[in-house]
Amino acid sequence: MSETCCGPGAADDRGGADLGEDGRGERFWQVRELQYATVAAVLLAVGLLLGRAGTTGVSAGLEIAGAVIAFLSFVPSAVIALVRHRYIGVGTLMTIAAIGAIALGQYAEAAMLGILFSVAEGLEHHAVTKTRRGLRALLALVPPSASVLRGGVETQVAPDDLRVGDVMVLRPGQRAATDGVIRTGVTSLDLSAITGESVPVEAAPGDEVHAGAINGGGAIEVDVTAPASDSSLARIVHIVEEAQERKGRAQRLADTLARPLVPIIMVLAGAVAGIGALVGDPMVWIERALVVLVAASPCALAIAVPLTVVAAVGAAGRQGALVKGGAALEELGRIRVVALDKTGTLTCNTPRVIAVLAADPVTEDDVLATAAALEVRSEHPLAQAILAASSSGPRVADDVTALPGDGIVGVLDGRRVRLGRPGWIGTEAFAEEVAGLQGRGATVVLLEVDGTVIGAVAVRDELRPEAAEAVERIAALGIETAMLTGDNMRTAHALAQQAGIAVVHADLRPEDKAALVETLAGGRPIAMVGDGVNDAPALATADVGIAMGAMGTDVAIEAADVALMGEDLRHVPQVLAHARRARKIMVQNLILAMLIIVVLIPPAAAGVLGLATVVFIHEAAEVLVILNAIRAARTVSLPGLATSTVGAGDAHYVIVGAVRTPDDACCSPSAPARGVTQTTQTTGTTGRAGTTGPSSTGLLRIGPAAGGHDCDCCGDDHPVRGEEPACGDDPAVHSRGHDAAPPR
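As the structure is a computational prediction, the values presented were derived from the model and not from experiment. (Residues numbered from 1 in each chain as written. Predicted model: local features only at pLDDT ≥ 70, side-chain atom pairs only at ≥ 80, totals over all residues. Heavy atoms only, no water.)

The next subject is the overall build of the protein chain. Within the protein chain, the regular secondary structure consists of 25 helices and 26 strands. Burial analysis of the protein chain (744 residues in total) assigns 56% to the buried set. Carbon and sulfur atoms provide 57% of the accessible area of the protein chain, an area that totals close to 28100 Å². (Helix = DSSP H or I, 4+ residues; strand = E, 2+ residues; numbered from the N terminus. Buried < 20%, exposed > 50% of the residue type's maximum accessible area, 1.4 Å probe, protein only. Areas by Shrake-Rupley, 256 points an atom, 1.4 Å probe, with all protein chains shown as cover.)

Structure (C-alpha cells):
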C-alpha cells in the first residue's frame, strides 16, 4: 500500500493518531480513503457523462479534480516519506504512475488509478481497525463503576480510581472491575468471556477473581490486588496486541520477496521506457512503463500475511488463547506431534490420598503426620493432598530440602526423614502393595526414617473429564499425541489408556522432558502442553510451547508461545485447528499476491493491457487478499467453550496504555534510528523497541515495508461445590494450583 500504510513515521504525518483513532471509523462511510474515493468517483462519472455530451473542457476539469481528490489518500504521505525519510515504497510507485498519467493527458485513467487504490487502501485499514477494536473490546467487560468499602461506607468509584487494598463489593450479576481475592462470601463466577469456558466456577474466600468475571451467586467482598489498568484482562489485551506485530517465517519471506521488488520494478519500468523509445514512439513506451509500475507493485504481497496474523491472533484471544505473534501462529499451524504433561494438564491437578500403608507398630496416622511435617511448607500438589489427609496438629521438620525428581528430606525429632518415589527409596517392605496401587493409576511415595521404610502414601490425580475428547480431536487433525510425566510407568499407562494416548514416557525429570521433546519430534514440528512453570525447559525446547490455565499467571503467559486462559483441555485442539486454517490462508494470499505480479507484467510491458485495466485487476486482487485474510478472524467454538461476544462498539471504561503498533498491519514496526531507541513498556511483558523517527544514517531505504525488525523472533462435567466432583473429592477442584513436579 502507500506510505500511509508502509512508510516510516506515517503516524506523525497524519497528526500522530493511532490506528483506529485517526479518523478511520468503524463504518465504511467513516473511512477517510473511501470518502475520498467516493467523491472522486462521482466527479469522474459526471466528467465522463459530460465528455460524451461534447463538453470536453468541463469533462477534463472534473476528471482532473476527481484524480486530485483520489490522490489525497496516498500522494501526500508518499511525498513526505520520500522527502523526510528517503523512503521509496508502493505509494511512491503509484504516485509516479498517477502523475505520469496526468502528464500524458490520461485524466480518466489517472482518476481511476487513484480511486481504486484508495478503495483498496481504505478496505485494508477498515479491516485492520475492526479486528483490533474487536480485541480491545474485551476491555468493555470492565463495568463503568465499582462499589468499594472505604471507611466503612460503600461508595461508587470509577475503575481507574481503584487502589490495591480496596475492598470491592460484587453483587449478583455484577462484573469485577479488576483482579482481587475473595474476602467474604461464596459464589459462582462466569469467566466465559475471558477463558472461553462456559461452565461457571465456584469460588469461596481465598479464591481469585479476575477482571471481567460475572458474579453469578451471592454478594461477595473482594480485596483488590491490582489496579484496573494492570488487571489480568488489560495484560491479555496488551500481550495480544504486541503479538500481532511479531513476524513469522511467512512474513519474513514476504518481506524478503517484496523489498527488492520496488527497485527492480523501477529499473524495469525505466528500461521499458528507455529501450522502447529507441525503437518506437517514446510517449507510447513511457505510458507502458507507467503501466508496468502499477502492474508490478507488491501491494498485495505487503499485506498478505500481516493482516491474516492480526485477524487470527485477535480471534484466538477472544477464545481465551493468547498466541504470541505470527511466528507462533505459523508454527502452530504446522504442528504434527503434541506432547502433553500429565499432572495438571491431562489430570485435574487436585490429587487426594486414596491409601496409606504402615509397618508395625507405626499407625497410618503416624505416617501421615510425619509426611505432613516434611510437606507443611511445600506447594507441591502431592504435599497439599497429604496435608489435607493428615488429622494431626501442625509439626514442622527442620533442615527440609527438596530434591527435584526424587523427593524431600529433613530432620524431625532428631531423626533423618525421607519421603519420595520408589527407586529413590527401596520398596521391599511394600513391593506388592505399591505395584497394585500404581496399577490403579495412583502415585506412591515412600516414607523412610533413619534408613527404615515405615510407610507409604498413595495419591491419585483424576483424569480431566474432557481429556479423552481432546485427545480424539487432536488425532482427528492428523496430529500424534504422547504423554510425558515424572510419574511411574504403571500410573502413567493407566491414565494414558483412559485418555486414548498410546505413546507414554514416564519417570522423567524436567530436563529429561526437554531432551525427549526433540526425540519425539523426529524432525516434525512439535508442541509441548504444560503449565508454563515446572515444564519451562520442555516448553522452550518445543517448536511451540502451550501453557494451560495461564489466567492470572504472568510466568506462564511469558514462558509459552501460546497461553490458554482456561483449564479445559479442548482449547488445545481448538487453537490448533484455528492456527492451521490461518496458515492455509497465509499461503493462499502469498500465492495470489505473487501470481498477480507475474501474470500482469508481460502484457503490461507489451501494451496489451492499458493503465485502467491493470489498475482494476491489480486492486481487485488486493481486495481479494484482504477479504481472504479477514476469514482468519472467524472461529468455531466447541460445545462447552465460548467466544467473547462483547460488541466492538461498546464503551471502554479502563485507561490502558497503548501498545506501540505500526501505522498499519501491513507492515512491521519501523526500525529505530541509529543511536536512538524508544521502548514501549507494558505491564507484565517485555518492552520492544519502537519507531523513533527518520533514519540518521543518510541511506535511502527502499521497499514496501518501513525497515522492520529482522530478528527470528475443566469441561462441562465440572461440578459445583457440594456435588460429587468429577476430578476427585477435593472441593477446591476449580482452583488452580501449581502443576506437579516429578513425583517424590
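This paragraph deals with helix H3 (residues 32-52). Counted at 1.5 Å a residue, the expected span for H3 with its 21 residues is 30 Å, and the 31 Å between its end C-alpha atoms agrees. Just downstream of H3, Gly 54 is the residue with a positive phi angle, here 100°. (Expected span 1.5 Å × (residues − 1).)

Let us now look at the pattern of salt bridges. Under the defined criterion, the tally for this structure stands at 16 salt bridges. As a salt-bridge pair, Arg 464 and Glu 567 come within 3.0 Å of each other at their nearest N and O atoms. Here Arg 464, found in the loop between strand S18 (452-460) and helix H19 (467-476), pairs with Glu 567, found in the loop between strand S23 (562-564) and helix H24 (571-606); they are 103 residues apart in sequence, far enough to count as distant. You'll find Arg 464 and Glu 567 in the same group, each marked buried. Salt bridges sharing common partners tie together Glu 469, Arg 473, Asp 568 and Arg 570. (Salt bridge = Lys/Arg side-chain N within 4 Å of Asp/Glu carboxyl O.)

Looking now at the packing of aromatic side chains. The full count for this structure, using the stated rule, is 1 aromatic pair. A cation over a ring is seen here: Arg 288 above Trp 285, with NZ or CZ 4.4 Å from the ring centre. Its guanidinium or amino end placed over the ring of Trp 424, Arg 418 lies 4.5 Å from that ring's centre, counting from NZ or CZ. (Phe/Tyr/Trp six-rings, centres within 6.5 Å; stacked < 30°, edge-to-face > 60°. Lys NZ or Arg CZ within 6 Å of the ring centre and 35° of its normal.)

With antiparallel pairing, the 6 strands of this open sheet are ordered in space as S3-S2-S4-S10-S5-S8. A strand with exactly one partner marks an edge of an open sheet, and here the two such strands are strand S3 (153-157) and strand S8 (208-209). Of the strand pairs in this sheet, strand S2 (residues 146-150) and strand S4 (residues 167-170) are connected by 3 bridges, and their pairing is antiparallel. Considered in S4, the bridge of Leu 149 is made with Val 167. (Pairing = 2+ DSSP bridges.)

Under the local residue numbering, the UniProt record ascribes the feature "transmembrane region" (unreviewed entry) to residues 34-50, 62-81, 87-108, 256-278, 290-315 and 590-617. The span residues 62-81 shows a helical share of 85% and a strand share of 0%, and its end C-alpha atoms are spaced 29 Å apart. Here residues 590-617 runs as 86% helix and 0% strand, with 17 Å between its end C-alpha atoms. (UniProt positions renumbered as here; feature names shortened; annotations may be inferred.)

Where H19 meets H24, the closest approach of the two axes is 8 Å, and the angle between their N-to-C directions is 20°. Here H19 is positioned roughly parallel relative to H24, judged by the angle of their axes. Handedness of the H19/H24 crossing: left-handed. Residues Ala 470, Arg 473 and Ile 474 of H19 form the contact with H24, whose participating residues are Val 572, Pro 573 and Leu 576. Across the contact of H19 with H24, the residue classes tally to 5 nonpolar, no polar and 1 charged. (Axes fitted to C-alpha atoms, helices over the stretch in contact; angles between N-to-C directions. Parallel < 35°, antiparallel > 145°, perpendicular 65-115°, else oblique. Left-handed = near helix turned anticlockwise from the far one by under 90°. Contact = heavy atoms within 4.5 Å. Nonpolar A, V, L, I, M, F, W, Y, C, P; charged D, E, K, R; others polar.)

This part is about unusual backbone geometry. Omega for the peptide link from Asp 360 to Pro 361 comes to 5°, which places this bond in the cis form. A positive phi angle, close to 50°, is found at Asp 450, a residue other than glycine. Topologically, Asp 450 is positioned in the loop between strand S17 (443-449) and S18. Positive phi is not limited to glycine here, since Asp 507 has a value of about 55°. Among the structural elements, Asp 507 can be located in the loop between strand S20 (503-505) and helix H21 (510-521).

Spatial strand order, S13-S18-S17-S16-S15-S14: 6 strands in an open sheet with antiparallel pairing. Each end of this open sheet is capped by a strand with a single partner; those strands are strand S13 (352-358) and strand S14 (398-403). With strand direction ignored, the average angle separating the axes of adjacent strands in the sheet is 15°. Taken together, the 4 bridges between S14 and strand S15 (residues 407-412) define a ladder with antiparallel strand orientation. Residue pairing for S15: Asp 398 is matched across the bridge by Val 411. The strands that helix H18 (residues 431-439) touches are S13, S17 and S18; relative to S17, the one it contacts most, it runs at about 150°.

Time to look at the environment of Val 376. Among the secondary structure elements, Val 376 is positioned in the loop between helix H16 (364-375) and helix H17 (381-389). Under the relative-accessibility criterion, Val 376 is labelled partly exposed at 30%. In the structure, Val 376 is positioned 21 residues away from Ala 397 in sequence and 8.4 Å away in space, judged by C-alpha atoms. Setting aside anything within four residues of it in sequence, one finds Val 376 in contact with Leu 387, Arg 395 and Val 396.

This next bit is on the confidence of the model for the protein chain. Across the protein chain, the average pLDDT comes to 74, with 72% of residues at 70 or higher. Considering only residues more than four positions removed or in separate chains, one finds that residues 1-25, a stretch of pLDDT under 50, has 98 contacts. In the predicted structure, residues 644-726 sits below a pLDDT of 50 and forms 225 contacts with residues beyond four places in sequence or in another chain. (pLDDT = per-residue confidence, 0-100.)

Here we take up the packing of helix H14 (residues 326-334) against H24. H24 packs onto H14 with a crossing angle of 105° between their chain directions and a minimal axis gap of 7 Å. One way to sum up the angle between H14 and H24 is to call them roughly perpendicular. Of the residues in H24, those touching H14 at Leu 329, Glu 330, Leu 332, Gly 333 and Arg 334 are Val 575, Leu 576, Ala 579, Arg 580, Ala 582, Arg 583 and Met 586. Class assignment of the residues belonging to the contact of H14 with H24 gives a composition of 7 nonpolar, 1 polar and 4 charged.

Attention now moves to the nonpolar core. Counting 55 residues, the largest nonpolar core has Leu 329, Leu 332, Val 338 and Leu 346 as its most contacted members. Residue contributions to this core peak at 9 residues, all from H24. If we ignore the near neighbours within four places in the chain, the residues touching Leu 329 are Val 309, Ala 312, Val 313, Val 323, Ala 579, Ala 582 and Met 586. Listed in part, the 40 residues of the second largest apolar core include Ala 269, Val 291, Val 292 and Leu 293. (Core = buried A, V, L, I, M, F, W, Y, C linked by side-chain atoms within 4.5 Å.)

Looking now at the pairing of strand S10 (residues 220-224). Side-chain alternation along S10 places Ile 220, Val 222 and Val 224 on a buried face and Glu 221 and Asp 223 on a face that remains uncovered. Of the strand pairs in this sheet, strand S5 (residues 180-184) and S10 are connected by 4 bridges, and their pairing is antiparallel. Bridge pairing in S10 links Thr 184 to Glu 221.

Following the sequence through the fold, Asp 207 ends up in the loop between strand S7 (201-203) and S8. There is a polar contact of 2.8 Å between the side chain of Asp 207 and the backbone nitrogen of Ala 204. (Polar contact = N/O pair within 3.5 Å; in protein donor to acceptor, adjacent residues only side chain to side chain.)

So, on to a nonpolar patch on the surface. On the surface, Val 79, Leu 82 and Val 83 cluster together into a nonpolar patch covering about 250 Å² of accessible area. A relative accessible area of 37% places Leu 82 in the partly exposed class. (Patch = residues over 30% accessible without salt bridge, like charges linked within 9 Å, V, L, I, M, F, W, Y side chains within 5 Å.)

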